[in-house]
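What the coordinates show
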Amino acid sequence: MAPVIVPVQTSPDFPEKTTVVVIGGGIVGLTAALTLAERGVPVVVLEKGRIAAEQSSRNLGWIRKTSRDKVDVPLALASDALWAEMPKRTGTDVGYRQAGIMYVARTDDEMAGHERWIKSVEGLSLDSRLLSPAEIARLAPGGRGTWVGGIYTASDGRAEPTLVSSAIASAAIARGAVIVEQCAVRTLSMAAGRIAGVVTERGEIRCEQVLLAGGLWSRRFLGNLGVALPTLPLVASVFRTSPMDGPTDIAVGGPDFSFRKRLDGGYTITQRGALFAPLTLDHLLIGHKYLPTLIAQWKNVRISVGRDLVRDLSLGRRWTASDRSPFENTRIMDPPVIPALNAEAQHNLEAAWPVFKGAVVRQSWAGMIDVTPDSMPVISPVTKIPGLTLASGFSGHGFGTSPAAGQLAADLVTASTPILDPSPYSLDRFTG
Ligand SMILES: Cc1cc2nc3c(=O)[nH]c(=O)nc-3n(C[C@H](O)[C@H](O)[C@H](O)COP(=O)(O)OP(=O)(O)OC[C@H]3O[C@@H](n4cnc5c(N)ncnc54)[C@H](O)[C@@H]3O)c2cc1C
């Protein structure tokens, strides 16, 4: 069962025109819309299903700088400052707590990875530090795991995915943004070589700019327009427990489990490092671009061949504005839970922190992630289509950086001074 988000009263009306259309009501599109609305820019968000019903409500809620690519750290730092402002900005406690994140290493090889990362971010003034086994025992008592060491960043944090997007959407609506659910955008309409609007299943909306924040669907949307965005789908499986006395408030990532304290007193748990790749046509078309990352980082990707390939092929890759689009055929991407992965996570966690043997599992779900070849998002104008900006490909770590990512996207749309240098996020890095 998918996590249930706090309901938001979205618009029953369908506007004829606006200044900016945002395609996709995930946390990135909603944050961009809030930023635009705060600046007085008329904005309409169009969501094919329900806001935040895909990745943005299914994630683990980790907000981390630890182990992030060095060039991605400024986005995370800018986001930390924006997370701190979130209660004031939205009028809601979205569960943001700087409770820290810690990774524990079982082997010297894993520890060497943490040491390399700490070295790579020297000069960025992060509070990350390496841990001894004794410090791990002090920070998360009651453990039985054999750790050679770990890494800890006290200023990393967490927030509640089922609260945040709703709070942002409500704040955006209060400032004049219009959010329409159950409204898939089929394609763009063009005039004089630039964007003139979007064509939806309910008709056309005229606009000057479009922000595509469609998560794992952006690749298909752009492909139909002749623009290549390399992203592949990967599935992660998750469960949560009832409220319980756990070992620590710090979010902990082990080699084959992770746990994170929730605002409701329970824990969100996953088999960290084990991802599921449901084979699709895209794996065959662009899978080779991912080989270096696969070898270096995703030692535990399990490939499944089956009905996902058939489903993917049946969705179609080319359509016109008058055709029913793939987005209307999958309102919400709700991949099935992978019981084997959840059972492994539970088993591994119980061995490491036996207090979890008493955990009561309340809910399980899975989510599909959009991963780029370098695991960095694209936040960038699409030069081939004047008037189109893209913010997608967050590669399984876009919840934490969404405040600054959404703001950066809004900056690019309005040609304002960007919150930070957007060049690492350019789409052109994949096309040369
Ligand atoms: C299981 C799991 C665990 C994760 N854990 C973490 C974590 O701990 N920390 C972290 O930082 N990140 C995490 N992530 C990643 C994070 O959730 C995502 O990076 C982030 O939510 C991406 O937000 P988004 O708005 O880009 O995409 P989404 O939330 O997927 O939103 C995109 C929206 O666009 C809509 N859409 C697409 N095409 C169209 C169209 N044509 N017309 C209308 N609507 C359209 C979709 O319906 C969807 O609602 C995790 C992800 C998963 C799945």
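Residues numbered from 1 in each chain as written. Predicted model: local features only at pLDDT ≥ 70, side-chain atom pairs only at ≥ 80, totals over all residues. Heavy atoms only, no water.

Helix and strand content of the chain: 14 helices and 21 strands. Over its C-alpha trace the chain gives a radius of gyration of 21 Å, about what one expects of a compact globule, namely 22 Å for 432 residues. Summarising its shape, the C-alpha atoms of the chain cover approximately 65 × 45 × 40 Å along the three principal directions. When the 432 residues of the chain are sorted by exposure, 59% land in the buried category. Long-range pairs, those at least 24 residues apart, make up 77% of the contacts in the chain between residues at least 6 apart in sequence. Mean positive and mean negative side-chain charge positions of the chain (44 and 40 charges, respectively) differ by 2 Å. (Helix = DSSP H or I, 4+ residues; strand = E, 2+ residues; numbered from the N terminus. Rg over C-alpha atoms; globule rule 2.2 N^0.38 Å. Buried < 20%, exposed > 50% of the residue type's maximum accessible area, 1.4 Å probe, protein only. Contact = heavy atoms within 4.5 Å. Lys, Arg positive; Asp, Glu negative; His and termini not counted. Charge placed at Lys NZ, Arg CZ, Asp CG, Glu CD.)

Core analysis: the largest hydrophobic core is formed by 49 residues, its most contacted members being V43, W83, V164 and I379. Those residues in contact with V43 that lie beyond four places of it in its chain are T18, V20, V22, A33, L36, A37, A177 and V178. (Core = buried A, V, L, I, M, F, W, Y, C linked by side-chain atoms within 4.5 Å.)

Quick look at helix α6 (residues 161–174) now. Between its first and last C-alpha, α6 extends 20 Å over 14 residues, near the 20 Å set by a 1.5 Å rise per residue. Of all the 14 residues making up α6, 10 are buried; the element is thus mostly covered by neighbouring parts of the structure. Buried within α6 we find P161, T162, V164, S165, S166, A167, I168, A169, A171 and A172. Residues of α6 that are buried make contact with α1 (27–38), α2 (55–58), α3 (73–90), β8 (178–180), β15 (258–261) and α13 (398–413). (Expected span 1.5 Å × (residues − 1).)

Looking now at the sheet that holds β8. Strand order in this open sheet of six strands is β8-β2-β1-β12-β21-β20, and the pairing throughout is mixed. What marks the edges here is a single partner per strand, and that holds for β8 and β20 (378–381). Each strand of the sheet is rotated relative to its neighbour by a mean of 15 degrees, with strand direction disregarded. With three bridges joining them, strand β2 (residues 43–46) and β8 adopt parallel strand pairing. In the strand pairing of β8, V45 is matched with I179. Sheet strands touched by α1: β1 (20–23), β2, β8, β12 (209–212) and β21 (388–392). Its angle to β2, the strand with the most contacts, is close to 165 degrees. (Pairing = 2+ DSSP bridges. Axes fitted to C-alpha atoms, helices over the stretch in contact; angles between N-to-C directions.)

Turning to the confidence of the model for the chain, a few remarks are in order. Residue-level pLDDT values for the chain average 95, and 98% of them are 70 or greater. Per-element averaging of pLDDT across the chain places helix α9 (residues 291–296) at the bottom with 67 and β1 at the top with 99. (pLDDT = per-residue confidence, 0-100.)

Here, UniProt's "domain: Rhodanese" (unreviewed entry) annotation points to residues 15–62. Annotated as residues 15–62, this span is 33% helix and 19% strand, and its ends, taken at the C-alpha atoms, are 36 Å apart. (UniProt positions renumbered as here; feature names shortened; annotations may be inferred.)

With that settled, consider the packing of α1 against α6. The interhelical angle for the contact between α1 and α6, taken along N-to-C directions, is 25 degrees, at an axis separation of 9 Å. The angle between α1 and α6 places the two elements in the roughly parallel class. Of the two elements, α1 crosses α6, and the hand of that crossing is left-handed. Residue-level inspection shows I27, L30, T31, A33, L34 and A37 of α1 in contact with α6, the latter providing V164, S165, I168, A169, A171 and A172. (Parallel < 35°, antiparallel > 145°, perpendicular 65-115°, else oblique. Left-handed = near helix turned anticlockwise from the far one by under 90°.)

An order of β9-β10-β11 is seen for the three strands of this open sheet, with the pairing classed as antiparallel. Edge positions in the sheet fall to β9 (185–191) and β11 (203–206), since each of these pairs with one other strand and no more. Across this sheet, the average inter-strand angle for adjacent strands is 30 degrees, counted without regard to direction. Note that strand β10 (residues 194–200) and β11 share four bridges and pair antiparallel. Across the sheet, the residue bridging to V198 is I205, located in β11.

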